[in-house]
Amino acid sequence: MSQEISLSPDFCRTVDQAVEAGKKISMITYVMGDIGEAKLKYILLRILRSLDREDLMELFYTAAKELIVNSTKAAIKRIIFEELQLNIQKLEDYEEGMKLFKSSLNERKFPTYKQKMRESGHFVKITCIYKKDKIDLEIRNNFPLLPIEAERVKEKFINAKKYDNLFEFFMEHGDSTEGAGMGITMVEILLSQSGFDRRLFSIYSSERKKETVARVEVPLHEISTSNGITEQLFVE
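The structure presented is a predicted model; accordingly, all values stated were derived computationally and were not measured.

> Just checking my understanding: could you explain the nonpolar core for this structure?
Nonpolar side chains tend toward joint burial in soluble globular proteins. Of all hydrophobic cores here, the largest spans 76 residues; its most connected members are Leu-40, Phe-60, Leu-191, Phe-201, Ile-203 and Val-218. Among all residues touching Phe-201, those that are not within four sequence positions of it are Leu-67, Phe-157, Ile-184, Val-187, Glu-188, Leu-191, Ala-214, Arg-215, Val-216 and Gln-232.

> Hey, could you run me through the sheet that holds strand 2 (residues 124–131) in this one?
Across a sheet, paired strands are connected by hydrogen bonds in the backbone, their directions being either parallel or antiparallel. Here we have six strands laid out as an open sheet, ordered 1-2-3-5-4-6, and mixed in their pairing. Of all strands in the sheet, those with a lone pairing partner are strand 1 (25–29) and strand 6 (233–235), marking the two edges. Across the sheet, the mean angle from the axis of one strand to that of its neighbour is 15°, orientation sign disregarded. In this sheet, strand 5 (residues 211–219) lies alongside strand 3 (residues 134–141) in antiparallel orientation, the contact comprising eight bridges. In the sheet register, Ile-139 faces strand 5, and the bridge partner there is Ala-214.

> I tried to follow the pattern of salt bridges on my own but got confused; where do I start?
If the charged atoms of two oppositely charged side chains come close together, the side chains can form a pair. Applying the stated rule across the entire model yields 19 salt bridges. A salt bridge links Lys-116 to Glu-83; its shortest N-O distance comes to 2.7 Å. Separated by 33 residues along the polypeptide, Lys-116 in helix 5 (residues 114–120) and Glu-83 in helix 3 (residues 57–83) bring together distant segments of the chain. In this structure Glu-83 comes out as partly exposed when scored by relative accessible area, which is 42%. Residue Asp-197 pairs with Arg-199 through a salt bridge whose shortest N-O separation is 2.9 Å. Through salt bridges with shared partners, one network takes in Glu-138, Arg-140, Glu-211 and Arg-215.

> What exactly am I supposed to notice about the pairing of strand 5 here?
It is a general feature of regular strands that their side chains alternate between the two faces of the sheet. Within strand 5, eight of the nine residues are buried, which leaves it mostly tucked inside the rest of the structure. Across six bridges, the pairing between strand 4 (residues 201–206) and strand 5 is antiparallel. Looking at strand 5, one finds that Ile-203 is bridged to Ala-214.

> Would you mind going over helix 1 (residues 9–21) with me for this structure?
Structurally, the α-helix is built with 3.6 residues per turn, so residues lying three or four positions apart point the same way. Over its 13 residues, helix 1 runs 18 Å from end to end, which matches the ideal 18 Å to within 8%, given 1.5 Å per residue. Turning to helix 1, its buried residues number three or more, namely Phe-11, Cys-12, Val-15, Ala-18 and Val-19. The buried residues of helix 1 occupy an angular sector of 130° when projected down its axis, which confines them to one face. Facing away from the buried side of helix 1 by more than 90 degrees, the exposed set consists of Pro-9, Thr-14, Glu-20 and Ala-21. Turning to helix 1, the residues buried within the fold contact strand 1, helix 2 (34–50) and strand 2. Of the residues trailing helix 1, Gly-22 is marked for its positive phi of about 75°.

> Whenever I open this one, the packing of aromatic side chains confuses me. Can you help?
What characterises a pair of aromatic rings is the spacing of the ring centres plus the angle enclosed by the ring planes. Enumeration over the complete set of coordinates arrives at three aromatic pairs. The ring of Phe-11 carries Lys-39 above its face, with NZ or CZ at 5.2 Å from the centroid.

> It is not clear to me how the side chain of Asp-197 should be interpreted in this structure. Could you clarify?
As for its position among the elements, Asp-197 is in the loop between helix 8 (182–193) and strand 4. A distance of 2.8 Å separates the side chain of Asp-197 from the backbone nitrogen of Arg-199, its partner in a polar contact.

> Can you help me understand the environment of Val-187 in this one?
Within the element layout of this structure, Val-187 appears in helix 8. You can call Val-187 buried: its relative accessible area is 1%. In this structure the C-alpha to C-alpha distance between Val-187 and Thr-62, which are 125 residues apart in sequence, comes to 8.0 Å. Setting aside residues up to four positions removed in sequence, Val-187 forms contacts with Ala-63, Leu-67, Phe-201 and Val-216.

> I keep staring at the side chain of Thr-72 and nothing clicks. Help me out?
Considering the arrangement of structural elements, one finds Thr-72 in helix 3. Look at Thr-72 and you get buried, because its relative accessible area is 2%. For Thr-72, the contacting residues outside a window of four places in its chain are Tyr-30, Val-31, Phe-110, Met-117 and Val-124.

> In this structure, what is going on with unusual backbone geometry? I would like to understand it.
Among all residues except glycine, the phi angle is most often negative; among peptide bonds, the trans geometry is most common. Look at Gln-85: it is not a glycine, yet its phi comes out positive at around 55°. Take Gln-85: it is sitting in the loop between helix 3 and helix 4 (91–104). With a relative accessible area of 73%, Gln-85 lands in the exposed category. One non-glycine residue with positive phi stands out, namely Lys-210, at about 55°. Summarising the element assignment, Lys-210 is placed in the loop between strand 4 and strand 5.

Scoring rules and cut-offs
Residues numbered from 1 in each chain as written. Predicted model: local features only at pLDDT ≥ 70, side-chain atom pairs only at ≥ 80, totals over all residues. Heavy atoms only, no water. Core = buried A, V, L, I, M, F, W, Y, C linked by side-chain atoms within 4.5 Å. Buried < 20%, exposed > 50% of the residue type's maximum accessible area, 1.4 Å probe, protein only. Contact = heavy atoms within 4.5 Å. Pairing = 2+ DSSP bridges. Helix = DSSP H or I, 4+ residues; strand = E, 2+ residues; numbered from the N terminus. Axes fitted to C-alpha atoms, helices over the stretch in contact; angles between N-to-C directions. Salt bridge = Lys/Arg side-chain N within 4 Å of Asp/Glu carboxyl O. Expected span 1.5 Å × (residues − 1). Arc of directions from axis to C-beta. Phe/Tyr/Trp six-rings, centres within 6.5 Å; stacked < 30°, edge-to-face > 60°. Lys NZ or Arg CZ within 6 Å of the ring centre and 35° of its normal. Polar contact = N/O pair within 3.5 Å; in protein donor to acceptor, adjacent residues only side chain to side chain.

Structure follows, in structure tokens:
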């Protein structure tokens, strides 16, 4: 279990110093294991403790883990398509590849792709930006969404509004092995149950910057505000 893992004094000292200075903190993962989860938990706990908002630990930790898993799946999907010599940009190939992807991949197989992610240059970057009145959590892939992925993410955002709790979602759909499935619903429900607007969660994809960023922006003094923004998916 990640709770039993002892992190190095150097790591803890570096995080502590960064938090004391109010600097943003980032970490890169390929396939997050127990050590990575322990590091993530330590970073979030130190930030929230510095802001006297440890009550938000479950929200941020669970949201981060769900979005990291989604981002990892998205990266592994691209590796699998390359291995199968399928063109992920071509609709027929995409549908064929997704059948194999869904039937063969589960989280127990993630570690086997850790080295492949390194070799392919795919990674997941977690960044925490925080001030006294706001915390931003960003989970970044270094590739944009495909058009078909963007359409499905948009559908997921719409469908997530139907559920007030995860039990309802699981009863109707079960778990999803494709990138942005369960994670979107999970994060929205966590935000809602914590008293925040679901629209504080958004996904941004840029072909120009070659990246996809899932972002959770939580105000600490103004509960349930989204600055009037209704869209949650932004593609450029």
